[in-house]
Amino acid sequence: MPTPDLAVQVHDLHKTYPGGRGHDPVPALAGLGFAVERGTVYGLLGPNGAGKSTTVRILTTLSRADSGVARVAGLDVAVDPAAVRRRIGLVSQRPSSDPMATGRENLVLAGRLQGLTRTDATARAARLLDRFRLTDAADRLVRTWSGGMSRKLDVAIGLVHRPDVLFLDEPTTGLDPEARADMWAEIARLSVDDEMTVLLTTHYLDEADRLASRLAIVDRGRVRVEGSPEELKSELRGDTLQVELPDSDQAARACAVLAGVAGVTGPVADGAVVRARAESGARSIPALMAGLDAAGLSPVSASVSRPSLDDVYLQHVGRAHRSTERDEEVA
Amino acid sequence: MSTLVTHSVLLTQRSLRGFARQPIFLVVTLIQPMVWLILFGRLFESVTDIPGFESGSSYLEFLTPGVVAMTALFSAAWAGTVYIEDMDRGVMDRLLAAPVSRGAMMNGTLAYQSVTSVIQTLIVLGVAWLIGARFAWVGVPFTILAAVLLTVVFAALSNAVALLVRQQEALIGISQFTALPLTFLSSAVMDPQLAPGWIRATARFNPLDWAVVVAREPLLGSPDWDAVWPRLGALTVLAVVMAAVATRTFGAYQRSR
């Protein structure tokens, strides 16, 4: 049943892609479900191939689920895709502007295709260009724009008809740090100033932590864990210990030392760095340092930190986030 | 219905604007038919001396409608590349996730291709006239109509292939594979009376040949209307059917992703 407070409702979605000649079918979604409250930013976080983009494709009517229910703005995407399309904006992973048109022309055309009159579309385009500080470049071909500017234009195009729900599929992938910070500020404004619901997919943990009021960590077509970033972090008891050693041989030996320190669990060596969890990091440090000293090891640095989203991710997806980004390069 | 028309006009304008901004593309579009006309025209000039060549006395005049049809076919076969560019960027997804009618997305590219085809046709006729060909005026509207209908048939086919294969390379391969055989299995460059019987028979089912006949008969004067009307009718029906079928391939495109 549609619930009025929920902008997006997804229940038990399944989708399998045909494998093609000689290949097995590829399962993309295996019972995925989550709900997004109106006016919030919701993050879908996970490695490539986890099912984030497939979920967005289904919610934006570009693809159909094999089974399960998906509602956007109270409308079932399988039953009434045409009505859903009037209520949503999509900023896909790839640039979605026409490079042979100017920024202004792109916005006016998008507005008119969404049903605005010429006058309204022109006024709306001018406002959005102003808001995203693109007015100076507005009448140059998008072909000549920088990546950051072109990405802001994509978001502006998604907003041209004031959608109820905006889908942002990896909005900052490939942007330089400055352009990313700029984009984050814009996304944060969407839910606050425009009271818009934003569904954000990302593989950047800091992005999800910073922007999403709730998030779901998705892996292999299912939601592994769901909650606000704070809730997810506080579920992990204790602190993160990180000890850096001069080389990986010493790190391996340090790993054995850490395993013997009271209150320290799950030490893992990653190159020259050893990570572990501690019930209370501050109390474990003296015993830890003494143990390392006794074993003849001299750490370069040792630190204690509150759990980060990295740790949550590691816990649920079962592999460190950096290695999944490397997979992404290959895929 | 009015949304369909508005969206079709908007999307046609978008393509025409992009076309006008690519001067090189514009020049190539104009030069290619002239090259066909002058090269073929000079190379095969003397075929009219072959006994049995019945269609007119000037090869240039005979060839001109053939070049019009070839140009229309070759340009239209590339139509799908616009869709592929839109798919490679996120433009196609954005349009499909917006309340834009699929019919308008198809109409937009077909109308754009038709406009470029009219321009090319007028240029081929103009160049032919400059280098000495003389035509009956009644043939000009028939030539334009034939070029536009042929363009719609093959641009729709190209769009459908683009939606199904989604790869520039495959599209290029398919258009290369069909364009030349269709040209030579027709009366575009050679009087069918001099061609083997099987080619004559095949040409009866070749839309390119229909367009050539629809254009050539009235252009060369004293047309055989009994040859023109059925071919014009068949071309019109095929154009409408192809556009409708191509519009439906959007569904297949979305289902496959």
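Refer to the preceding data block for the structure.
On a predicted model such as this, the values are computed, not experimentally measured, just so you know.

On to the overall build of chain A. Helix and strand counts for chain A come out as 12 helices and 14 strands. In terms of its C-alpha atoms, chain A occupies a principal-axis envelope of roughly 80 × 45 × 45 Å. The burial tally for chain A puts 50% of its 331 residues in the buried class. Long-range contacts, defined here as pairs at least 24 residues apart, represent 68% of the contacts in chain A between residues at least 6 apart. When the accessible surface of chain A is totalled, it reaches about 15000 Å², and 50% of it is carbon and sulfur. Averaging the locations of the 40 positively and 45 negatively charged side chains of chain A gives two centres separated by 5 Å.

Attention now goes to the packing of aromatic side chains. Evaluated as defined, the whole model comprises 11 aromatic pairs over all chains. The aromatic ring of Tyr 204 of chain A is capped on one face by Arg 180 of chain A, whose charged end is 4.0 Å from the ring centroid. Looking at Arg 216 of chain B, its charged tip hangs above the ring of Phe 62 of chain B, at a distance of 3.6 Å from the centre.

Another point: the sheet that holds strand β9 (residues 214–219) of chain A. Residue and element names in this part refer to chain A. The sheet built from 6 strands is open, its strands ordered β6-β7-β8-β3-β9-β10 with mixed pairing. Looking at which strands have only one partner, the edges of the open sheet turn out to be β6 (88–91) and β10 (222–227). Strand-to-strand twist across the sheet, computed as the mean angle between neighbouring axes with direction ignored, equals 15°. Relative to strand β7 (residues 165–169), β6 runs parallel, the two being bridged by 4 bridges. Bridge pairing in β7 links Val 91 to Leu 168. Here helix α5 (residues 147–159) sits on the sheet in contact with β6 and β7, set at roughly 165° to β6.

Summary: where empty space remains is shown by rolling a probe the size of a single water molecule over the atoms. Residues and elements named next belong to chain B. Here the largest pocket defines a volume of roughly 730 Å³. Along its surface, the largest pocket is lined by 25 residues, and Gln 22, Phe 25, Thr 81, Val 82 and Tyr 112 are the ones closest to its centre. Among the elements of the structure, α1 (2–20), α2 (23–43), α3 (59–77), α4 (80–88) and α6 (102–130) are those that each provide at least two residues to the lining of the largest pocket. Residues belonging to the lining of the largest pocket are distributed by class as follows: 10 nonpolar, 10 polar and 5 charged.

Moving on, we get to the interface of chain B and chain A. Each side of the interface is counted separately: chain B has 25 residues, and chain A has 30 residues. Approximately 2600 Å² of surface area, both sides summed, lies buried where chain B meets chain A, with 53% of it carried by carbon and sulfur atoms. Seen at the junction of chain B and chain A, the total is 5 salt bridges. Between Glu 105 of chain A and Arg 17 of chain B there is a salt bridge, and its shortest N-O distance comes to 3.5 Å. In this assembly, chain B and chain A are joined by 13 residue pairs in polar contact (both at pLDDT 80 or more). Per-element accounting of the side of chain B that touches chain A gives the leading share, 7 residues, to α1 of chain B. The residue inventory of the side of chain B that touches chain A, partitioned by class, reads 10 nonpolar, 6 polar and 9 charged.

Turning our attention to the sheet that holds strand β2 (residues 26–37) of chain A. Residue and element names in this part refer to chain A. Taken in spatial order, the 4 strands make up an open sheet running β2-β1-β4-β5, and their pairing is antiparallel. With partners counted over all chains shown, the strands left at the sheet margins are β2 and β5 (75–76), one partner each. Bridge analysis of strand β1 (residues 6–17) against strand β4 (residues 67–72) gives 5 bridges, and the strand direction is antiparallel. Opposite Val 8, over in β4, you have Val 72 as the bridge partner. Strand contacts of helix α1 (residues 52–59): β1, β2 and β4, with the helix running at about 65° to β2, the strand carrying the most contacts.

Once that is clear, we can look at α2 of chain B. Turn by turn, an α-helix covers 3.6 residues, leaving residues three or four places apart pointing in a common direction. Residue and element names in this part refer to chain B. Relative to the 30 Å expected for 21 residues at 1.5 Å per residue, α2 spans 30 Å between its end C-alpha atoms, a close match to the ideal helical length. Taken together, the buried positions of α2 are occupied by Thr 29, Pro 33, Trp 36, Leu 37, Phe 40 and Gly 41. Buried residues along α2 sit in contact with α1, α3 and α6.

Residues and elements named next belong to chain A. The backbone of Ala 73 shows a phi angle near 50°, a positive value even though the residue is not glycine. The class of Ala 73 is buried, set by a relative accessible area of 10%. Of note, the phi angle at Arg 220 is positive, near 50°, even though the residue is not glycine. Looking at the element boundaries, Arg 220 is found in the loop between β9 and β10.

Turning our eyes to something else, we now look at the pattern of salt bridges. All names here are of chain A. Within the structure shown, the criterion is met by 23 salt bridges over all chains. Salt-bridge contacts for Arg 133 lead to Asp 182; the nearest nitrogen and oxygen are separated by 2.8 Å. Taken together, the residues span a long stretch of sequence, with Arg 133 in the loop between α4 (118–131) and α5 and Asp 182 in helix α6 (residues 177–193) at a distance of 49 residues. Its relative accessible area of 51% is what places Arg 133 among the exposed residues. Taking the relative accessible area as the measure of exposure, Asp 182 reaches 24% and is therefore partly exposed. Here Asp 154 makes a salt bridge to Arg 151, at a shortest N to O gap of 2.9 Å. With Asp 154 and Arg 151 both in helix α5 and 3 residues apart, this pair spans about one turn of that helix. For the pair Asp 154 and Arg 151, a shared accessibility class is recorded, and that class is buried. Among the ionic contacts, a cluster of salt bridges with common partners joins Arg 133, Lys 152, Asp 182, Glu 186, Arg 189 and Asp 193.

Calculation criteria
- Residues numbered from 1 in each chain as written.
- Chains lettered and ligands numbered in written order.
- Predicted model: local features only at pLDDT ≥ 70, side-chain atom pairs only at ≥ 80, totals over all residues.
- Heavy atoms only, no water.
- Helix = DSSP H or I, 4+ residues; strand = E, 2+ residues; numbered from the N terminus.
- Buried < 20%, exposed > 50% of the residue type's maximum accessible area, 1.4 Å probe, protein only.
- Contact = heavy atoms within 4.5 Å.
- Areas by Shrake-Rupley, 256 points an atom, 1.4 Å probe, with all protein chains shown as cover.
- Lys, Arg positive; Asp, Glu negative; His and termini not counted.
- Charge placed at Lys NZ, Arg CZ, Asp CG, Glu CD.
- Phe/Tyr/Trp six-rings, centres within 6.5 Å; stacked < 30°, edge-to-face > 60°.
- Lys NZ or Arg CZ within 6 Å of the ring centre and 35° of its normal.
- Pairing = 2+ DSSP bridges.
- Axes fitted to C-alpha atoms, helices over the stretch in contact; angles between N-to-C directions.
- 1 Å grid on protein atoms, 1.4 Å probe; cavity = no way out; pocket = protein on both sides within 12 Å on 5 of 7 lines; lining within 4 Å.
- Points joined across faces, edges and corners; volume = space filled by probe spheres on them.
- Nonpolar A, V, L, I, M, F, W, Y, C, P; charged D, E, K, R; others polar.
- Buried area = accessible area lost by both parts, 1.4 Å probe.
- Salt bridge = Lys/Arg side-chain N within 4 Å of Asp/Glu carboxyl O.
- Polar contact = N/O pair within 3.5 Å; in protein donor to acceptor, adjacent residues only side chain to side chain.
- Expected span 1.5 Å × (residues − 1).

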